[in-house]
Each structure stands twice: as structure tokens, then as C-alpha cells.
Amino acid sequence: MPAHREFKDALYAQFARIGHAVASPKRIELLDLLSQGEKTVEQLAEQSATAIKNTSAHLRVLRHARLVETRRDGAYVYYRLGADEVFRFVRDLQALGRGRLAEVEQVARLYIDERDELEPVTIKELRRRMRDGDVTVIDVRPEGEYQAGHIPGALTIPVAQLKRRLAEIPKNREVVAYCRGPYCVFSAEAVGFLRKHGYRARRTNEGFPHWRASGLPIASGSDR
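Below, the structure is looked at part by part. For every chain, the first residue of the written sequence is number 1, and numbering continues from 1 onward in sequence order. Side-chain atom pairs in this predicted model are given and counted only at pLDDT of 80 or more, local residue features only at pLDDT of at least 70, and totals for whole chains, interfaces and linings cover all residues. As a rule here, side-chain values come from all non-hydrogen atoms in the structure, and water together with hydrogens is ignored.

**Section: helix H4 (residues 52-64)**
The way it works is that DSSP assigns letters per residue, a run of H or I at least four long becomes a helix, a run of E at least two long becomes a strand, and they are numbered from the N terminus. Helix span, expected: 1.5 Å multiplied by one less than the number of residues in the helix. Its 13 residues place the ends of H4 18 Å apart at the C-alpha level, agreeing with the 18 Å of an ideal helix rising 1.5 Å per residue. Each residue gets one of three labels from its accessible area relative to the maximum for its type: buried under 20%, exposed over 50%, partly exposed in between, using a 1.4 Å probe on protein chains only. Residues of H4 that are buried include every one of Thr55, Ser56, His58, Leu59 and Leu62, and no others. Taken down its axis, H4 places every buried residue within 165° of arc, on the same side. Of the residues in H4, the exposed ones pointing more than 90 degrees away from the buried face are Lys53, Arg60 and His64. Backbone geometry just downstream of H4 places arginine 66 in the positive-phi region, at approximately 65°. The arc in question is the one spanned by the directions pointing from the helix axis to the C-beta atoms.

**Describing the pairing of strand S3 (residues 76-81)**
Paired strands are those between which DSSP finds at least two bridges. As paired elements, strand S1 (residues 39-40) and S3 share 2 bridges and run antiparallel to each other. Across the sheet, residue lysine 39 finds its bridge partner in S3, namely tyrosine 79. Bridge analysis of strand S2 (residues 68-73) against S3 gives 6 bridges, and the strand direction is antiparallel. Within S3, the residue paired with glutamate 69 across the bridge is arginine 80. In textbook terms, the turn of a hairpin is the stretch between consecutive antiparallel strands, and for S2 and S3 this stretch comprises 2 residues, one of which, glycine 74, has a positive phi near 65°.

**Things to note about the packing of helix H5 (residues 84-100) against helix H6 (residues 102-111)**
When two helices pack together, their arrangement is given by the angle between the helix axes and the distance between those axes. Between H5 and H6, whose axes approach to 5 Å, the crossing angle comes to 100°. Between H5 and H6, the interaxial angle falls into the category roughly perpendicular. Side by side, H5 and H6 meet where Gly97, Arg98 and Arg100 of the first sit next to Ala102, Val104, Glu105 and Ala108 of the second. Only Asp, Glu, Lys and Arg are considered charged, only Ala, Val, Leu, Ile, Met, Phe, Trp, Tyr, Cys and Pro nonpolar, and every remaining residue, Gly among them, polar. Taken together, the residues that form the contact of H5 with H6 break down as 3 nonpolar, 1 polar and 3 charged. All axes here are fitted lines through C-alpha atoms, helices being fitted over the stretch that makes contact, and every angle between N-to-C directions spans 0 to 180 degrees. By definition in this entry, angles of less than 35 degrees are roughly parallel, angles greater than 145 are roughly antiparallel, angles of 65 to 115 are roughly perpendicular, and the rest are oblique. By definition in these notes, contact holds between two residues if any of their heavy atoms fall within 4.5 Å.

**Notes on the side chain of serine 48**
Positionally, serine 48 belongs in the loop between helix H3 (41-47) and H4. Taking the relative accessible area as the measure of exposure, serine 48 reaches 3% and is therefore buried. Not counting the four nearest positions on each side in its chain, serine 48 is found in contact with Lys26, Glu29, Leu30, Leu33 and Thr55.

**Considerations on the nonpolar core**
By size, the foremost hydrophobic cluster in this structure holds 18 residues, and its most contacted members are Leu31, Leu44, Leu59, Leu62, Leu67 and Tyr79. Elements with a minimum of two residues in this core: helix H2 (25-34), H3, H4, S3 and H5. When residues of this core are assigned to their parent elements, the largest contribution, 4 residues, is made by H2. Those residues in contact with leucine 59 that sit more than four places away from it in its chain are Leu30, Val41, Leu44, Val68 and Tyr79. Grouped together as the second largest cluster of nonpolar side chains are 16 residues, Val140, Ile157, Ala177 and Cys179 included. Think of a nonpolar core as a cluster: buried Ala, Val, Leu, Ile, Met, Phe, Trp, Tyr and Cys residues, connected wherever their side-chain atoms sit within 4.5 Å.

**Considering the pairing of strand S4 (residues 135-139)**
With respect to burial, S4 is a largely interior element, 5 of its 5 residues being buried. Burial along S4 is two-sided: the face carrying Val135, Val137 and Asp139 and the face carrying Thr136 and Ile138 are both buried. Sheet analysis places S4 next to strand S6 (residues 174-178), joined by 5 bridges and oriented parallel. Residue pairing for S6: valine 137 is matched across the bridge by valine 176.

**Notes on a nonpolar patch on the surface**
Distance thresholds for patches are 9 Å for like charges and 5 Å for nonpolar side chains (Val, Leu, Ile, Met, Phe, Trp, Tyr), applied to residues having over 30% relative accessible area and no salt bridge. The Shrake-Rupley method, run with a 1.4 Å probe sphere, supplies the accessible areas, and residue values consider only the shown protein chains as cover. Definition used for salt bridges: Asp or Glu carboxyl oxygen within 4 Å of a side-chain nitrogen of Lys or Arg. Together, Val107, Leu110 and Tyr111 make up a nonpolar patch on the protein surface, roughly 310 Å² of accessible area in all. Topologically, tyrosine 111 is positioned in helix H6. You can call tyrosine 111 partly exposed: its relative accessible area is 46%.

And the structure:
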């Protein structure tokens, strides 16, 4: 029995490293942001509205749990997810939360679902419609995330630039906007703005990381 107990204690102590790493809301958000591609501490701090010092501390915890890895390029250190399994873990954690916690459903409904009375477009439907050529796809994430990886054929129009670049989007086809994932408000904001200006617009129910995880083709840089 002692040997058995020693084994179990050692094993679950290692599993608990993952639990500890995701015990902070900010660390889960950082993993979600890194699902878009690698980023510097400064970028992560800005996008998560967190001080750089605190962001660095959170990243150290995530790195200790082997959930993120780094590379250095000159004076900058870039962070990325440690493996594809980390994205799947975050996706499943979000799905579990929405399925088991009524509060998650309430928050999602308040900030996202109530803004959009139309059914979102699934990744499968978007893929089919792109093959048929009857839809304009826009990526409303920050341009750096588009450059890191995007759906082939998508226009990069960050939501903050939508107003001044509206003329670039044709009105003769439905527009589908996608962003970071199911809890990213960029696409909901974009769709609301487009509809006010006479466009037929919908958002995807998932984001670019889900497209990539499905094994579908991706583009990077300025390529469309």
C-alpha cells in the first residue's frame, strides 16, 4: 500500500500543476489569446488589459506547467502554446463550463447571443459556402493575428477599422465575420455594424483556431 500511495500522490501532484496553472481567469485568457498565434509579453498585456509585470508572472506559471513555450528574437521573447493539445484543453474547458455552469450561459447570452438574433454560421457551412463562392468572409481580429494565420480568401478588416473600410466589402453577397472564438465579441460587433449599414451579415459560431484544429487549409502573411 505505501508504494501504491506514493505512486498516486506523485501522479496527481503532476496533474495538479495543470489545475494550478488554469486556476486564474487571466491565465485562461492568455491561453485563449495564444490560440491565435505567438505573441510577446507586451502584446498579451495590452490585449488582456493586464500590467506587464503581472502578465509575465502569469506566463511563468503557464510555462512551469508546460502549457506555453518561448522563443527569443532579438530583444523580444515570443510566447506560444506548448502543443495543439493545449488548445483542445482550453476549448474543452470552455465547453464544460458552458455546459455545467449556468452563469457562463448567462454571461454569453448577455454579451454575445442577445446581440445577434440570427443563427451563427458553422465552420462546416462556411467551408461549403466558400467553395460555392456565394459569401464574403472577413477576419475582424487584429491584423497581427491575421498575418500569423487565417482562413484562405478572408479579408483582413479589424473591427476597429470597419467604419472607414466599409467600401471594401461588396454588398451583393452575404458577409460572414469570424474572430478568435465563440466568446470573442469582435464578430458580434462587426455583424451589428454591417447590418445597420444595409449588409446581410452573420458571424461564425467558432473562430480561426477551431478552423485550424479541424485540419482545414490555412494561409499566413498577406496571402489570401
